[in-house]
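Each chain is listed here by its residues.
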Amino acid sequence: MRKRRRTARRRPWRLILTVLAALVAAVVPYAVELFGGQGVIPTWRDLYESGGLEERPALPAQGETAVTFLDVGQGDAVLVQQNGVFCLLDAGTPDVQDTIADDLRSLGVTELELMVMTHPHSDHYGGMPGVLEEIPVQTLLLPDLSQSDTQSGNLGKTLELAREQGTELKEAEEGMSFPIGSGTLTVLCDGYTPEGGEDDDVNDLSLWLLFEAGNFTFLDTGDAEQEAEAAVTARLGSELRADLMKAGHHGSQTSNGETLLRTVCPQIVVASCGLNNSYGHPHQAVIDRMEALGIAFYRTDLDGAVTVTAGEEGLTVQTTREQTEALDPAA
């Protein structure tokens, strides 16, 4: 009798605790996603580190090829790895300087064979000082910097650090190629300038890079705009064919033209962009275009880091986050 009475008295408390736990479980993910890093609300990285866990894709098997689009907010950072050799295309914004090296190490990077600056905008080279200070980089491949201030600011700091660390600096030229494991990274185009004139859009100085390993190909066009896309596509044609493509200019409608997409004919396109960014990237017109062309489309603001692995069974995609109804497209 007494035992029954004690049990009956405890049931309401258990019910209350169960309801509270359910509410916390429902609210916390949205709070962390939308407000993580603000005030006392932790980021996902904080939670994973405190729990001894890592929010990252699994490392590829020996000999496999993988391309990881790091979640760096409104910027680009793409890690190419083949058989234990690593290449980094861009390095995010200055906001990730203190964390990007840790992100790379969590993916197994102890040295970079090559780091590439696709063009001199801070959302592409901003994290490079943090990489250079923490991880050995054999070669830093640079775009045309003749219109840029290379003596001051974060760009000047990047170049100075590279020299101090003994990193070889190379200016990209069309046709250059670099071995990455058993794969090859090739500069298809070293920037676009309209015939008979000058293009003052730094985005069009973007390097066009093609990585090939076995039957797998990956294309990165930086932030090249549609005029540059049209000209380069007309000139190179089928050389641009790729299984995987990084969305141009974070998924902007000023890039990612239909002609380019039909020429490249990618199975997968990934946009690197920040959650609720002020530009509205990726634009809905681009999302609709991908869908109409039957292209699988991923985005780091909703999917987190995206890893595409090329193995014997074809391409597989792994993300660190699942899209939810609470995280609708930005535009």
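Each remark here, short or long, concerns the structure printed above.
Anyway, here's the lowdown on the structure attached to this text. The residue numbering used here restarts from 1 in each chain and proceeds along that chain's sequence as written. Totals for whole chains, interfaces and linings use every residue, but because this is a predicted model, local features are given only for residues with pLDDT of at least 70 and side-chain atom pairs only at 80 or more, for both listing and counting. Heavy atoms from the whole structure form the basis of all side-chain values; hydrogens and water molecules are not counted.

Moving on, we come to the overall build of the chain. A run of H or I in DSSP counts as a helix once it spans at least four residues, and a run of E counts as a strand once it spans at least two, with each numbered from the N terminus. A tally of helices and strands in the chain yields 10 helices and 15 strands. Residue exposure (1.4 Å probe, protein chains only): buried if accessible area is under 20% of the type maximum, exposed if over 50%, otherwise partly exposed. Taking all 331 residues of the chain together, 47% fall into the buried category. A separation threshold of at least 6 residues defines the contact pool for the chain, and within that pool the share at least 24 residues apart is 65%. The protein chains shown are the only cover counted for residues, whose accessible areas, like all others here, come from Shrake-Rupley with a 1.4 Å probe. Only carbon and sulfur atoms are counted for the fraction: they give 48% of the accessible area of the chain, which is about 16000 Å². In this description, contact between two residues means that some pair of their heavy atoms is separated by no more than 4.5 Å.

Let's shift gears to the sheet that holds strand S14 (residues 306–311). Strands pair, by our definition, only if DSSP identifies at least two bridges between them. Sheet architecture is open: eight strands sit in the order S6-S5-S4-S3-S2-S1-S14-S15, paired in mixed fashion. Sheet topology places strand S6 (168–171) and strand S15 (314–319) at the edges, where each strand pairs with a single neighbour. The average undirected angle you get between the axes of adjacent strands in this sheet is 15°. Sheet topology places strand S3 (residues 85–89) next to strand S4 (residues 112–116); three bridges connect them, and they run parallel. Within the sheet, the bridge partner assigned to Cys87 lies in S4 and is Leu114. Packing of helix H6 (residues 153–164) onto the sheet brings it into contact with strand S5 (137–142) and S6, and relative to S5 it is tilted by some 145°. Note on geometry: axes are C-alpha line fits, over the in-contact stretch for helices, and angles between N-to-C directions span 0 to 180 degrees.

On to the pattern of salt bridges. Any carboxyl oxygen of Asp or Glu that lies within 4 Å of a side-chain nitrogen of Lys or Arg is treated as forming a salt bridge with it. Per the stated rule, a full pass over the model turns up seven salt bridges. Residues Glu174 and Arg235 are paired through a salt bridge, measuring 2.9 Å at the closest nitrogen-oxygen approach. Taken together, the residues span a long stretch of sequence, with Glu174 in the loop between S6 and strand S7 (177–180) and Arg235 in helix H7 (residues 226–236) at a distance of 61 residues. The class of Glu174 is partly exposed, set by a relative accessible area of 41%. A cluster of three or more residues bridged by salt bridges with shared partners is formed by Asp102, Arg105 and Glu134.

Moving on to unusual backbone geometry. The phi angle of most residues is negative, glycine excepted, and most peptide bonds adopt the trans form. The residue after His281, namely Pro282, is reached through a cis peptide bond having omega -10°. Here Pro282 is to be found in the loop between strand S12 (268–271) and helix H9 (284–292). The phi torsion at Cys265 lies on the positive side, around 55°, for a residue other than glycine. With respect to the helices and strands, Cys265 occurs in the loop between helix H8 (258–264) and S12.

Before going further, it helps to examine the pairing of S5. Moving residue by residue along a regular strand, the side chains alternate between the two faces of the sheet. Among the six residues of S5, five are classified as buried, and the element is accordingly described as predominantly covered. Summarising the sheet, S4 and S5 pair through four bridges and their orientation is parallel. Counted as the bridge partner of Val116 is Leu141 from S5. Judged from the four bridges that link them, S5 and S6 form a sheet pairing that is parallel. Counterpart to Thr139 in the pairing with S6 is Glu168.

With that settled, consider the pairing of S12. Residues of S12 alternate between two faces, with Ile268 and Val270 on one and Val269 and Ala271 on the opposite face, all of them buried. Pairing of strand S11 (residues 244–246) with S12 involves three bridges; the strand directions are parallel. Within S12, the residue paired with Leu244 across the bridge is Ile268. Seen with its strands pointing away from the viewer, a crossover is right-handed if its path from the first strand over the helix to the second goes clockwise. The parallel pair S12 and strand S13 (residues 296–299) is bridged by H9, and the resulting crossover is right-handed.

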